[in-house]
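# Coordinates in review
Each chain is listed here by its residues.
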Amino acid sequence: MTTDQKPFIAISLHLDTVDDLGPEIERAAKANFNSITIPVVHWRFEREFEREPLRTKHQQFTRSDLLLSSTQWLNKVICRIADPVALNSPIERVRKQAERTLLQEISFAQHLMQNGYLYTKLTSDNSANFARIVSSVLTNGTLLVEVPMVNPTVAQCCWRRDIEGEEQPVAEDPWNWWNTFRSHADFNHQVKVALELTVDVPRKTEIYRWLGEPIDAIVLPANVFITNAKNYPVLSKAHQSIVTFLYRTFSCHFILKANPADGHLAHYVDYIKHILSANYVPDPMQGYDDLLEIPLQPLYDNLDNFTYEVFEKDPVKYIRYQDAIEQALRDRVPDEEAEQKTTIVMVVGGGRGPLVRATLNASLKANRSVKVYVVEKNPNAIVTLTALIDELWKDRNVELISTDMREFNPPEKADILVSELLGSLGDNELSPECLDGAQRNLKDDGVSIPCKSTSYLNPCMASKVYNQVRTLERNPNRKDRVVSSRHMEQTYVAYQKNAYHIDDPQPLFEFVHPNRQQPIDNNRYRVLRFKASLDCVLNGFRGSFDTVLYKDITLSIHPFTHTIGLGSWFSIFIPLTEPVQVKAGQEIVLHFWRCVASHKVWYEWSLGAPAVTHVHNLNGRGHPIWQ
């Protein structure tokens, strides 16, 4: 099934003969299934092992590709390769035959499917040999690995009445099966999870852990459905919530494991579509999900028209700024002096004028006179600002200055200094350096908006964005390479949905404006300690920030205090060079530095526990932020 058609709903079948293929595709189509999953070969391993002479080169081992057209193979069929159990057989002949069979099946499946789907399942963590073979031959398409949410052994024990005193078997967590396999496969981005819902529902924390994994499909066995009063199959409330929760996160596909003769195939499809549509919640950030972007450096690079327009569409940000400026104007000028006193407002980094507009609107609402100095270094934005002053603000007291804010010498000092220089980690767009240079133009009792920013970090397991970084790192000949070849030592901006947060965020660095310290030093170093509640894989850290604009008026992308509707900033992702396996209860110790030189600023980071890593981005070699 092609990956651009989301979601598809497939049915998993075991066909006994080649002749069943065509009729089953027609039956699935009538039941509104987009595709079916079938085994590549139509006999089982046990039958093959009984054959004394191994397969010869020209012996036919499966159905011909002429049974269907290439479009039908790609869009209507998911090839199911053999389960990897026999690959771990202690009998060498059986193991070698299983390896040959698997290689032959993968080769033929890729011949049929091109960039389609292959399908298999895991039943234990003994998967090293399987992962080695898959990694060596999987050249195109996607391998879906079926993993149950709850170990079947656990489910069996819950329903058994064992003899008193009999020891209960220790059941492994299926997530560990998957983690072992993908670790042996070197976190191959072509290998994804088909998560099987089970009758038993795991704890919420265990469900949340799957958010950090590359889930591509949800497998719904017929036994998780219950029958309602009208004899139609439905899901329990708990299973409904899991399905809708995972679908909102992953926009995943669905695979149904059912008996085609049970008479409910079409009902299953209709019901799945019904619960998805009934629980649909539009996401204004759709399309940006887990998409890596390089953080902006507006001090070094001039932003383009498209970037300005994206930020100006934020429905919340400039309203909060307007409220903050209005409150500051009221506090600085009493009502009785409103007609005689003019407040000097300096907008540093004017862009295309949204902060100027917020200032002028605030002055009208507060009934206070203002004179606005607009400082902007981007010569292209100056064209827009000039047009706005000449056409819209010609009767307002607005003066435009084309220069770097750190070099501006105004004829009078400002009462209020307004800026929007914050990045996804607060200070990563050099707001401290810029505002420290501009604050000499602020009166001693002047106000800075914003007046404080605080950054936060927390450890995360984010397979999707992490694999994107690894893909960049391992493709040195890409034409669209970023500035540095050290991709794993660079920070990225991403709207992270496909992520598991191992622990809560902790504050990192805080900056206050105006900064009255002498001398001003924006170098920072902090050690953060976190704790894992479940076994997981640490592959990076998620960064966020909050800021105080004025008094109690704030903006935040902190996950616990996120400003509703705020879309100007996505979180920042800080990767580790290699993933780190973390056990439940282990402490994660992060060392983090903010380093400042005359011409650049950069972050450095390293782990102190549970494993010790090298210092990433040493001397800014991977990601310098130029001043």
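Residue numbers restart at each chain and count upward from 1, following the sequence in its written direction. The predicted nature of this model means local features are confined to residues of pLDDT at least 70 and side-chain atom pairs, given and counted, to a pLDDT of 80 or more, with totals for whole chains, interfaces and linings taken over all residues. Computation of side-chain values covers all heavy atoms of the structure but excludes hydrogens and water.

### Focus: the overall build of the protein chain
Helix numbers and strand numbers start at the N terminus; a helix is a DSSP run of H or I with at least 4 residues, a strand a run of E with at least 2. Each helix and strand in the protein chain was counted, giving 16 helices and 26 strands. Categorising residues by exposure relies on relative accessible area from a 1.4 Å probe, with only protein chains included: less than 20% of the type maximum marks a residue as buried, more than 50% marks it as exposed, and the intermediate range marks it as partly exposed. Put simply, the protein chain has 627 residues, and 55% of those count as buried. Taking as baseline every contact in the protein chain between residues at least 6 positions apart, the subset at least 24 positions apart corresponds to 80%. Per-residue and other accessible areas follow the Shrake-Rupley method at a 1.4 Å probe size, with only the shown protein chains counted as cover for residues. Just so you have it, the protein chain exposes about 28,600 Å², and 51% of that area is on carbon and sulfur atoms. By definition, residues are in contact when any of their heavy atoms lie within 4.5 Å.

### Brief notes about a nonpolar patch on the surface
On the surface, a nonpolar cluster with roughly 360 Å² of combined accessible area is contributed by Tyr288, Leu291, Phe306 and Val310. Counting through the fold element by element, Leu291 comes out in the loop between helix H10 (265-278) and helix H11 (305-312). What makes a patch is a set of residues exposed beyond 30% relative accessible area and free of salt bridges, joined within 9 Å when like-charged and within 5 Å when nonpolar (Val, Leu, Ile, Met, Phe, Trp, Tyr). A pair is scored as a salt bridge if a Lys or Arg side-chain nitrogen falls within 4 Å of a carboxyl oxygen belonging to Asp or Glu.

### Examining the pattern of salt bridges
Per the stated rule, a full pass over the model turns up 27 salt bridges. The partner of Lys257 in a salt bridge is Glu146, and the shortest N-O contact between them spans 3.1 Å. In this pair, Lys257 sits in strand S10 (residues 253-257) while Glu146 sits in strand S5 (residues 142-148), placing the two residues 111 residues apart along the sequence.

### Side note on the confidence of the model for the protein chain
The predicted coordinates ought not to be read in detail in places where the model reports low pLDDT. Per-residue confidence for the protein chain averages 86 on the pLDDT scale, and 86% of its residues sit at or above 70. The pLDDT value expresses, per residue, how confident the predictor is, ranging between 0 and 100. Taken together, the stretch residues 1-5 has pLDDT below 50 and engages in 14 contacts with residues farther than four places along the chain or on a different chain. Taken as a whole, residues 478-485 scores under 50 in pLDDT and shows 10 contacts with residues more than four places along the chain or in a different chain.

### Overview of unusual backbone geometry
Going from Ile449 to Pro450, the amide bond is cis rather than trans, its omega being 10°. With respect to the helices and strands, the residue Pro450 is situated in the loop between strand S15 (442-449) and strand S16 (452-461). Between Ala609 and Pro610 the backbone carries a cis peptide bond, its omega angle lying at 5°. The topology assignment puts Pro610 in the loop between strand S25 (600-609) and strand S26 (625-626). Here Phe187, not a glycine, exhibits a phi torsion of approximately 55°, which is positive. With respect to the helices, strands and loops of the structure, Phe187 is situated in the loop between helix H7 (174-184) and strand S6 (191-196). Of note, the phi angle at Leu430 is positive, near 65°, even though the residue is not glycine.

### Quick word on the sheet that holds strand S14 (residues 414-418)
What links the strands of a sheet is backbone hydrogen bonding, and the strands pair in either a parallel or an antiparallel sense. Here the rule is simple: two strands pair whenever DSSP picks up at least two bridges between them. What the 5 strands build is an open sheet, ordered S13-S12-S11-S14-S15; its pairing is parallel. Strands at the two margins of the open sheet, each flanked by one partner only, are strand S13 (398-402) and S15. Adjacent strand axes in the sheet meet at a mean angle of 25° when their direction is disregarded. The pairing of strand S11 (residues 342-348) with strand S12 (residues 369-376) spans 7 bridges and is classified as parallel. Counterpart to Ile344 in the pairing with S12 is Lys371. Only the stretch in contact is used when fitting a helix axis, every axis being a line fitted to C-alpha atoms; angles between N-to-C directions are given from 0 to 180 degrees. In this fold helix H13 (residues 354-366) packs onto S11, S12, S13 and S14, with an angle of close to 175° to the strand it touches most, S12.

### Observations concerning the packing of aromatic side chains
Any two of the Phe, Tyr and Trp rings considered here, Trp counted by its six-membered ring, make a pair once their centres fall within 6.5 Å; the pair's planes then place it as stacked at under 30 degrees, edge-to-face at over 60, or tilted in between. All told, the structure shown has 16 aromatic pairs when counted by the stated rule. Judged by centre distance (6.5 Å) and plane angle (35°), the rings of Tyr318 and Tyr321 are tilted. Separated by 3 residues within a single helix, Tyr318 and Tyr321 lie in helix H12 (residues 317-332), roughly one turn from each other. Overall, Tyr321 belongs to the buried group, its relative accessible area being 1%.

### Things to note about the sheet that holds strand S24 (residues 587-596)
Across the sheet, which stays open at both edges, the 4 strands sit in the order S20-S24-S25-S26 with antiparallel pairing between neighbours. The open sheet has two edge strands, strand S20 (524-531) and S26, and neither has a second partner. Sheet topology note: the S20/S24 ladder contains 8 bridges and is antiparallel. Each bridged residue has a counterpart across the sheet, and for Lys531 the counterpart in S24 is Glu587.

### Observations concerning the environment of Ser369
In this structure, Ser369 sits in strand S12. Excluding anything up to four places from it in sequence, Ser369 contacts Ala338, Lys341, Thr342 and Thr343.

### Structural notes on H7
Taking burial as the measure, the 11 residues of H7 include 8 buried ones, the bulk of the element. By the criterion applied in these results, polar contacts are pairs of N or O atoms within 3.5 Å in which, for protein atoms, one can donate a hydrogen and the other can accept it, and in which residues neighboring in sequence qualify only through two side-chain atoms. Where H7 begins, the side chain of Asp173 points an oxygen toward the backbone nitrogen of Trp175, at a separation of 3.0 Å. Just past H7, the residue Asp186 takes up positive phi, approximately 60°.

### Concerning the packing of H12 against H13
Axis separation between H12 and H13 bottoms out at 8 Å; the angle between their running directions is 45°. Judged on the interaxial angle alone, H13 and H12 are oblique. In the packing of H12 onto H13, the handedness of the crossing is right-handed. In this structure, H12 contributes Tyr318, Tyr321, Gln322, Ile325, Glu326, Leu329 and Arg330 to the contact, and H13 contributes Pro354, Leu355, Ala358, Thr359, Asn361, Ala362, Ser363, Lys365 and Ala366. As a working rule, the residues Ala, Val, Leu, Ile, Met, Phe, Trp, Tyr, Cys and Pro are called nonpolar, Asp, Glu, Lys and Arg charged, and the rest polar, with Gly in that last group. Here the residues of the contact of H12 with H13 sort into 9 nonpolar, 4 polar and 3 charged. If an angle is under 35 degrees, it is roughly parallel; if it is over 145, roughly antiparallel; if it lies from 65 to 115, roughly perpendicular; otherwise it is oblique. Helix crossings fall into two classes, left-handed where the near helix is turned counterclockwise from the far one by less than a right angle and right-handed where it is turned clockwise.

### Examining the pairing of S6
Counting buried positions over the 6 residues of S6 gives 5, a clear majority of the element. By the bridge criterion, 6 bridges tie S5 to S6 in an arrangement that is parallel. Counted as the bridge partner of Val145 is Val193 from S6. Relative to strand S7 (residues 215-221), S6 runs parallel, the two being bridged by 4 bridges. Its bridge partner being in S7, Glu196 is matched across the sheet by Val219.

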